[in-house]
Amino acid sequence: MANYYFPPLGAPSAPWTTLVDIVFFLGASAVMAWYYYYFLKKDLLGKFWGAMLVAAVGSLIVFALFQTFIRDIIMWLMSPKIGSTQLSNVNLIAIFIGGFLALYIMNRINHNKERRG
């Protein structure tokens, strides 16, 4: 049973959409800052909070400049076509993720050995 009184959380006309967008930006920036500061143990100016600020500013810049371009590339990779002619029904993103994941697992099973010669 659908609730007709409240629009979905991400609906563009919802009054809290801007708040949800800010939460996503800050959450993604916090994850990136955590990865660099705590996981990779990189020495960053301002420590975790400085890293979060830099990640937030960087993500806003790239979002503002390249959002449409990146969305078009992702949509093409999910459903490759030229004009209105569908080239394939294969999701290229899923193929690449699956292939690289399988190669990564095989490499780890092989103890990350390098080729000789």
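Residues numbered from 1 in each chain as written. Predicted model: local features only at pLDDT ≥ 70, side-chain atom pairs only at ≥ 80, totals over all residues. Heavy atoms only, no water.

1. Side note on the environment of glycine 58
Secondary-structure assignment places glycine 58 in helix 2 (residues 47-78). In sequence terms glycine 58 and serine 29 are 29 residues apart; their C-alpha atoms lie 9.2 Å from each other. (Helix = DSSP H or I, 4+ residues; strand = E, 2+ residues; numbered from the N terminus.)

2. Topic: the packing of aromatic side chains
Enumeration over the complete set of coordinates arrives at seven aromatic pairs. Ring geometry for tyrosine 37 and tyrosine 38: centres 4.9 Å apart, planes at 85 degrees, overall edge-to-face. Relative accessible area serves as the criterion here: at 44%, tyrosine 38 is assigned to the partly exposed category. Each ring, one from tyrosine 38 and one from phenylalanine 48, has its centre 5.8 Å from the other, and the planes form 35 degrees; the classification is tilted. Separated by 10 residues along the polypeptide, tyrosine 38 in helix 1 (residues 17-39) and phenylalanine 48 in helix 2 bring together distant segments of the chain. A connected cluster of aromatic rings, assembled from ring pairs, spans Trp34, Tyr35, Tyr36 and Phe39. (Phe/Tyr/Trp six-rings, centres within 6.5 Å; stacked < 30°, edge-to-face > 60°. Buried < 20%, exposed > 50% of the residue type's maximum accessible area, 1.4 Å probe, protein only.)

3. Let's talk about a nonpolar patch on the surface
Taken together, the side chains of Leu53, Val57, Ile61, Val62, Leu65, Phe66, Phe69, Ile70, Ile73, Ile74, Met75 and Met78 define a hydrophobic patch exposed on the protein surface, amounting to about 1,100 Å² of accessible area. Secondary-structure assignment places isoleucine 74 in helix 2. Overall, isoleucine 74 belongs to the partly exposed group, its relative accessible area being 35%. (Patch = residues over 30% accessible without salt bridge, like charges linked within 9 Å, V, L, I, M, F, W, Y side chains within 5 Å. Areas by Shrake-Rupley, 256 points an atom, 1.4 Å probe, with all protein chains shown as cover. Salt bridge = Lys/Arg side-chain N within 4 Å of Asp/Glu carboxyl O.)

4. Some thoughts on unusual backbone geometry
Unusually for a residue other than glycine, lysine 41 sits at a positive phi of about 55 degrees. Mapping lysine 41 onto the fold places it in the loop between helix 1 and helix 2. You can call lysine 41 exposed: its relative accessible area is 66%. Of note, lysine 47 is a non-glycine position whose phi angle comes to about 55 degrees, a positive value. Topologically, lysine 47 is positioned in helix 2.

Any functional reading would require information beyond the geometric quantities listed.
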